[in-house]
Amino acid sequence: MIDYNIIDCHFHPAFDSETDINWFASTGSIEHQINILRKAGISQACGAPVKNMNPISFKEISKLNEFSLALRDSHPDFYIPAIQIHPRFPDESCREIERYCGSHEVRWIGELVGYMMGYGAEYATNDALTIFRTALKYNAVVNFHCNELDIIEKLSKAIPDLKLVLAHPGAGKDDFLARIALVAKYPNLHLDISGSGIDRLGMVRKAIDVAGMNKIIFGTDYPVNNPAVYTHGTLLEDLTHEERTAVFSTNFLHLIQR
Ligand SMILES: [Zn+2]
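Conventions and cut-offs
Residues numbered from 1 in each chain as written. Predicted model: local features only at pLDDT ≥ 70, side-chain atom pairs only at ≥ 80, totals over all residues. Helix = DSSP H or I, 4+ residues; strand = E, 2+ residues; numbered from the N terminus. Buried ≥ 20, exposed ≤ 12 C-beta atoms within 10 Å, placed from the backbone. Pairing = 2+ DSSP bridges. Right-handed = clockwise from strand over helix to strand, strands pointing away. Contact = placed C-beta atoms within 7 Å. Axes fitted to C-alpha atoms, helices over the stretch in contact; angles between N-to-C directions. Left-handed = near helix turned anticlockwise from the far one by under 90°. Nonpolar A, V, L, I, M, F, W, Y, C, P; charged D, E, K, R; others polar. Expected span 1.5 Å × (residues − 1). Bend = angle between axes of the 7 residues up to and from the residue.

## A word on the overall build of the protein
When its secondary structure is counted, the protein shows ten helices and nine strands. Counting only C-alpha atoms and orienting by the principal axes, one finds that the protein spans roughly 45 × 40 × 35 Å. Expressed as a percentage of the 258 residues in the protein, the buried residues total 45%.

## Looking at the pairing of strand E7 (residues 163-167)
E7 sits mainly inside the fold: five of its five residues count as buried. Burial along E7 is two-sided: the residues Lys 163, Val 165 and Ala 167 and Leu 164 and Leu 166 are all buried. Pairing of strand E6 (residues 141-144) with E7 involves four bridges; the strand directions are parallel. Each residue of the ladder has a partner; that of Val 141, found in E7, is Lys 163. Handedness of the β-α-β unit built from E7, helix H7 (residues 173-185) and strand E8 (residues 189-192) comes out right-handed.

## Comments concerning the pairing of E6
Residue alternation in E6 divides its side chains into two sets, Val 141 and Asn 143 and Val 142 and Phe 144, and both sets are buried. Two elements, strand E5 (residues 108-112) and E6, share three bridges in a ladder whose sense is parallel. The residue bridging Trp 108 from the neighbouring strand is Val 141, located in E6. In this fold, E6 hands off to helix H6 (residues 149-158), which returns the chain to E7; that crossover is right-handed.

## Quick look at the environment of Arg 244
Tracing the sequence through the fold places Arg 244 in helix H10 (residues 241-255). Residue Arg 244 is classed as buried on the basis of its C-beta count, with 20 C-beta atoms lying within 10 Å. Separated by ten residues in the primary sequence, Arg 244 and Thr 234 have C-alpha atoms spaced 7.5 Å apart. In this structure, Arg 244 is in contact with Tyr 4, Thr 234 and Leu 239, ignoring residues within four places of it in sequence.

## Some remarks on the sheet that holds strand E4 (residues 82-83)
Pairing is parallel in the open sheet, where six strands are placed in the order E4-E5-E6-E7-E8-E9. With one partner strand each, in any of the chains shown, E4 and strand E9 (216-217) form the two edges of the open sheet.

## Let's talk about the packing of H7 against helix H8 (residues 203-211)
In contact at an axis separation of 8 Å, H7 and H8 are set at 35° when each is read in the N-to-C sense. In the crossing of H7 with H8, the sense of the turn from one axis to the other is right-handed. Counted together, Phe 176, Ile 180, Ala 181, Val 183 and Ala 184 of H7 and Met 203, Ala 207, Val 210 and Ala 211 of H8 form the full contact between these two elements. Considering only residue class, the contact of H7 with H8 consists of nine nonpolar, no polar and no charged.

## Describing H10
For an α-helix the count is 3.6 residues per turn, leaving residues at separations of three or four pointing the same way. In a regular helix each residue adds 1.5 Å, so 15 residues correspond to 21 Å; H10 covers 20 Å between its end C-alpha atoms and thus fits that length. In H10, a bend of some 55° at Val 247 exceeds every other bend along the element. For H10, the full list of buried residues reads Arg 244, Ala 246, Val 247, Phe 248, Ser 249, Asn 251, Phe 252 and Leu 255. Those residues of H10 hidden inside the fold are in contact with strand E1 (7-8), E6, E7, H8, E9 and helix H9 (227-236).

## Some thoughts on the sheet that holds strand E3 (residues 79-80)
Pairing in this open sheet of three strands is parallel, and the strands run E1-E2-E3 from one edge to the other. This sheet does not close on itself; its edge strands, each paired only once, are E1 and E3. With two bridges joining them, E1 and strand E2 (residues 44-46) adopt parallel strand pairing. Along E2, the bridge assignment pairs Ile 7 with Gln 44.

## Some points on the environment of Glu 237
Topologically, Glu 237 is positioned in the loop between H9 and H10. For Glu 237, a count of 19 C-beta atoms within 10 Å puts it in the partly exposed group. Taking C-alpha positions, Glu 237 is 7.0 Å from Leu 201, a pair spaced 36 residues apart along the chain. Non-local contacts of Glu 237, meaning those with residues more than four positions away in its chain, are made with Val 204 and Arg 205.

## Description of the environment of Thr 27
Looking at the secondary structure, you find Thr 27 in the loop between E1 and helix H1 (30-39). For the pair formed by Thr 27 and Pro 223, sequence separation is 196 residues and the distance between their alpha carbons is 6.8 Å. In contact with Thr 27, other than residues within four places in its own chain, are Ala 14, Asp 20, Asn 22, Gln 33 and Pro 223.

Functional significance is not addressed by these values, which are geometric in nature.
Right, dumping it as structure tokens:
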């Protein structure tokens, strides 16, 4: 048995064929998805749906957010809602944050996946920064997918009070070390261990040694990735009980506090 409360910060709930991003098979109903995460030892999960798009209106993004809220209402004990914004629609994105993070108390934005949703790496453009300044007003957390170190750095510097979670440790050793160095450098920047993951033994230990135990957040990227890889991988790392608890849940809970 896994003796930890484990919260997955990086889930992409699938509600139709377009939001189902598993490579091989249909992911199944939302009940099935929650069952799979529970089987992997996860007690709660957060994150917004994603889909490949090149939107001509904000409606397509709103649809993802409406699903997120409905899922929160149908599975309040498991799902922690998150929304998508889109830097090509700055006004609509700001209104969406005001509505969801204001009236509905949503605390998490993302994972933002620009390469899938038609805005590449536009995380630090003037329009993106306008949106993220609105997120800051509600003390919301922004989880984003970005492979470009200069853009990660520009965003972290531009709004130093904005709570940021960089998705994925990176694909190779040099990439991982460069990303974790940025997480260490910017107090507002955190790292989630989802996706490209922690498959090289000692990665979580190293990340904590470089950036500190409060900077590393548990995430899976299910249904693309197998969630058990991340729970068991984290359990097998050479961490103290306190460090493991921080990664599995308390860092996340601290971030989403108002
Ligand atoms: Zn993802």
